[in-house]
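# Structural features, examined
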Amino acid sequence: MVRYKAIIAYDGTNFNGFQRQNNGRTIQEELEKTISKMASQPIKVHGSGRTDAGVHALGQVIHFDFPYERPLERMRFALDTQSPEDIAVKNVEIVTEKFHARYLVKEKVYEFHVDIGTPKNPFTRNYASYYPYQLDFDKIKKALPDFLGTHDFTSFCASGSSIDDKTRTIYEATMQVSHSGNELIFTFRGDGFLYKMIRIMVGTLLKIGNGRLETDSIPKIIAAKDRHFAGPTAHPQGLYLKEVRY
């Protein structure tokens, strides 16, 4: 068997997330159907991690074992054209059998897009989370560095997570305003993220920007280790898995 690593992008709008499940369409299931058909045998796809329903990816990484070697561009082209139109295969390479898309991850980079225009943009309703309330950008920018470093992020993890160790390290936490002034783009880079962690972080930052939480609230929320202290969970449409680093 030959192990292939692929970088894929997908529009998560019509998916119930990445991971295969009993009910609902998933990215993993669609890819496994495509690759299994190409291989004429069942093929298992492994992803760098899960993304939830409605969440998008610009640079999700997968690996799979294929029964024989194919030229890389032919493999990429076949995967890209035979997969559903809301999945794109950007790059394919052959890796050793020691490579694992999930277990060898060093860093992940996510973006979160927030539509702050008036009125809302109906054409980005599936690609940005709409926030129609007043925001003080300076307050958000002042609060962002408080996420940096190694912390127990229990307060920023949604219920339903089966992970016991909720300590993660955040290397980058920034916000930019689009040229039009109608969209905020948050960027978070870390060694890993908990269940709905980024969406809760963004929901908390928007609450700070709206003046409903103090600017220095984040260290106190982290210290509390209690989900109830953080802000609401932002909508999934704004979240993008941008890059996975090994």
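Anyway, here's the lowdown on the structure attached to this text. (Residues numbered from 1 in each chain as written. Predicted model: local features only at pLDDT ≥ 70, side-chain atom pairs only at ≥ 80, totals over all residues. Heavy atoms only, no water.)

Counting through the fold element by element, Arg50 comes out in the loop between strand E2 (45-47) and strand E3 (56-66). Taking the C-alpha atoms as reference points, Arg50 and Gln60, 10 residues apart in sequence, are found 9.5 Å from one another. When sequence neighbours within four positions are dropped, the list of residues in contact with Arg50 reads Phe18, Gln19 and Tyr110. A distance of 2.6 Å separates the side chain of Arg50 from the side chain of Gln19, its partner in a polar contact. (Helix = DSSP H or I, 4+ residues; strand = E, 2+ residues; numbered from the N terminus. Contact = heavy atoms within 4.5 Å. Polar contact = N/O pair within 3.5 Å; in protein donor to acceptor, adjacent residues only side chain to side chain.)

The next thing to look at is the nonpolar core. Here is a general trend for soluble globular proteins: nonpolar side chains tend to be buried in one another's company. Among the nonpolar cores identified, the biggest contains 69 residues, and Phe64, Val114, Phe156, Phe186, Phe188, Val202 and Leu205 are the most heavily contacted of them. In terms of residue count, helix H4 (residues 197-209) provides more of this core than any other element does, eight residues in total. (Core = buried A, V, L, I, M, F, W, Y, C linked by side-chain atoms within 4.5 Å. Buried < 20%, exposed > 50% of the residue type's maximum accessible area, 1.4 Å probe, protein only.)

Let us look at the layout of surface pockets. Taken as a whole, the largest pocket spans an internal volume of roughly 1,200 Å³. Those elements giving two or more residues to the lining of the largest pocket turn out to be E2, strand E5 (107-115) and H4. Partitioning the lining of the largest pocket into residue classes produces 15 nonpolar, 15 polar and nine charged. Counted as a void, the second largest pocket has a volume near 190 Å³. Taken together, 13 residues make up the lining of the second largest pocket; nearest its centre are Tyr130, Tyr131, Leu206, Pro232 and Ala234. (1 Å grid on protein atoms, 1.4 Å probe; cavity = no way out; pocket = protein on both sides within 12 Å on 5 of 7 lines; lining within 4 Å. Points joined across faces, edges and corners; volume = space filled by probe spheres on them. Nonpolar A, V, L, I, M, F, W, Y, C, P; charged D, E, K, R; others polar.)

What follows concerns the side chain of Ser129. Inspection of the secondary structure puts Ser129 in strand E6 (residues 129-130). With near-sequence residues (within four places) excluded, Ser129 lies in contact with Phe112, His113, Val114, Asp115, His235 and Gly238.

For side chains of opposite charge, pairing can occur when their charged atoms come near one another. This structure, assessed with the given rule, holds 16 salt bridges. With a shortest N-O distance of 3.8 Å, Asp80 and Arg76 are connected by a salt bridge. Here the residue Asp80 and the residue Arg76 both occupy positions in helix H2 (residues 72-82), the gap between them amounting to four residues, near one helical turn. The buried category is assigned to Arg76, whose relative accessible area is 17%. Asp216 is paired through a salt bridge with Lys220; the nearest N and O atoms lie 3.8 Å apart. Among the residues examined, Lys220 registers a relative accessible area of 54% and is labelled exposed. (Salt bridge = Lys/Arg side-chain N within 4 Å of Asp/Glu carboxyl O.)

Moving on, we come to unusual backbone geometry. Following Thr118, the chain continues to Pro119 via a peptide bond in cis, the omega torsion being 0°. Its place among the elements puts Pro119 in the loop between E5 and E6. Phi is positive for Ser40, close to 60°, though the residue is something other than glycine. Structurally, Ser40 is set in the loop between helix H1 (27-39) and E2. Within the chain, Lys225 stands out as a residue other than glycine whose phi angle is a positive 50°. Within the fold, Lys225 resides in the loop between helix H5 (217-224) and strand E10 (239-245). Residue class for Lys225 comes out partly exposed when judged on its relative accessible area of 49%.

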